[in-house]
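Each chain, letter by letter, is given below.
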Amino acid sequence: MRITKLLFLTLFLPLLLIACQGDDAEPQAMPTLANADVDTDSSARTTLTPLPTHTPFPTLPGRGTLPPSWTPSPTGTSVPPTPTDPQPPTDPPRFTPESCEGFAPDFQNSVESFTLGESPVIAWREVEDAALYRIIIFGEQEQFLLTEFTEEEFFNLPAAVFTQEGRYGWQIEPLDSIGIQICPSRGEVLRAQEP
């Protein structure tokens, strides 16, 4: 804290004194350490060097300001015009119709309704390029209840997922070897009944 006060007094106090003198006051010499004779002898004296006075920055003759409408532009180069109706980038199609053409629920091997406490089986047609299938089960209010993965074209759903009578939905998404969905999802409805 003492160093901060000492630094403040040494640096800012002389500047404050100069600023308070006004323009008509004659500059006085301020003590500096630039030309001080440093000696350990107590009889050593320091010489005072006057601080330079501020001179205003000269204005250049014949240089006016530019009008506000002036805009710099490069010379000798032509800039291609910006299209007025830019087209959005086109992405390649996300799904390939030829491999997804037959993908659908397999109604012959799936159950449509079941009794609570049973494990219903769902099935679908194979997608040639699929490495995995993501199975999503959701409730009547469209809340997600289960997400599972399988390499097969069927799945036995756990009975514990179905806690009450009603309608449940299932959805299948074929995924490639890095987990990207390759076909639109397909699904169907299951009906759970009391025993």
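(A) The arrangement of the nonpolar core in detail. Formed by 23 residues in total, the largest nonpolar core has its most connected members in Ile122, Trp124, Leu157 and Phe162. When contributions to this core are tallied by element, the ones reaching two or more residues are strand S3 (132-138), strand S6 (166-175) and strand S7 (186-193). Those residues in contact with Ile122, other than ones at most four positions away along the chain, are Ser110, Ile135, Phe154, Phe155, Leu157, Trp170, Ile172 and Leu190.

(B) Spotlight on the packing of aromatic side chains. Counting across every chain of the model gives 3 aromatic pairs. Taken together, a centroid distance of 4.8 Å and an interplanar angle of 85° make the contact between Phe162 and Tyr168 edge-to-face. A relative accessible area of 5% means that Phe162 is categorised as buried. Its relative accessible area of 6% is what places Tyr168 among the buried residues.

(C) Main features of the confidence of the model for the chain. Confidence in the prediction for the chain averages 77 pLDDT; 54% of positions are at 70 or higher. Per-element mean pLDDT across the chain ranges from 66 in helix H1 (residues 2-21) up to 96 in strand S2 (residues 121-123).

(D) Seen up close, a negative patch on the surface. A cluster of acidic residues, Glu98, Glu101, Glu126, Glu128 and Asp129, forms a negative patch at the surface. Looking at the element boundaries, Glu126 is found in the loop between S2 and S3. You can call Glu126 exposed: its relative accessible area is 55%.

(E) A look at the state of the cysteines. The final tally for this structure, using the stated rule, is 1 disulfide. The side chain of Cys100 participates in a disulfide bridge whose partner is Cys183; the two sulfur atoms lie 1.7 Å from each other. Looking down the S-S bond of the Cys100 and Cys183 bridge, the torsion is -85°, so its handedness is left-handed. Remark: Cys183 occurs in the loop between S6 and S7 and Cys100 occurs in helix H2 (residues 97-100); sequence separation between them is 83 residues.

(F) Fine view of the side chain of Asp106. Counting through the fold element by element, Asp106 comes out in the loop between H2 and strand S1 (113-115). Arg125 provides the closest opposite charge to the buried, salt-bridge-free Asp106, at an N-O distance of 5.4 Å. Only 2.7 Å separates the side chain of Asp106 from the side chain of Asn109, close enough to count as a polar contact. Ignoring anything within four residues of it in the chain, the contact list for Asp106 reads Ala123, Trp124 and Arg125.

(G) The arrangement of the pairing of S7 in detail. The pairing of S1 with S7 spans 3 bridges and is classified as parallel. Across the sheet, Phe114 pairs through a bridge with Ala192, a residue of S7. Pairing of S6 with S7 involves 7 bridges; the strand directions are antiparallel. Opposite Arg167, over in S7, you have Arg191 as the bridge partner.

Calculation rules
- Residues numbered from 1 in each chain as written.
- Predicted model: local features only at pLDDT ≥ 70, side-chain atom pairs only at ≥ 80, totals over all residues.
- Heavy atoms only, no water.
- Core = buried A, V, L, I, M, F, W, Y, C linked by side-chain atoms within 4.5 Å.
- Buried < 20%, exposed > 50% of the residue type's maximum accessible area, 1.4 Å probe, protein only.
- Helix = DSSP H or I, 4+ residues; strand = E, 2+ residues; numbered from the N terminus.
- Contact = heavy atoms within 4.5 Å.
- Phe/Tyr/Trp six-rings, centres within 6.5 Å; stacked < 30°, edge-to-face > 60°.
- pLDDT = per-residue confidence, 0-100.
- Patch = residues over 30% accessible without salt bridge, like charges linked within 9 Å, V, L, I, M, F, W, Y side chains within 5 Å.
- Areas by Shrake-Rupley, 256 points an atom, 1.4 Å probe, with all protein chains shown as cover.
- Salt bridge = Lys/Arg side-chain N within 4 Å of Asp/Glu carboxyl O.
- Lys, Arg positive; Asp, Glu negative; His and termini not counted.
- Charge placed at Lys NZ, Arg CZ, Asp CG, Glu CD.
- Disulfide = S-S within 2.5 Å.
- Polar contact = N/O pair within 3.5 Å; in protein donor to acceptor, adjacent residues only side chain to side chain.
- Pairing = 2+ DSSP bridges.

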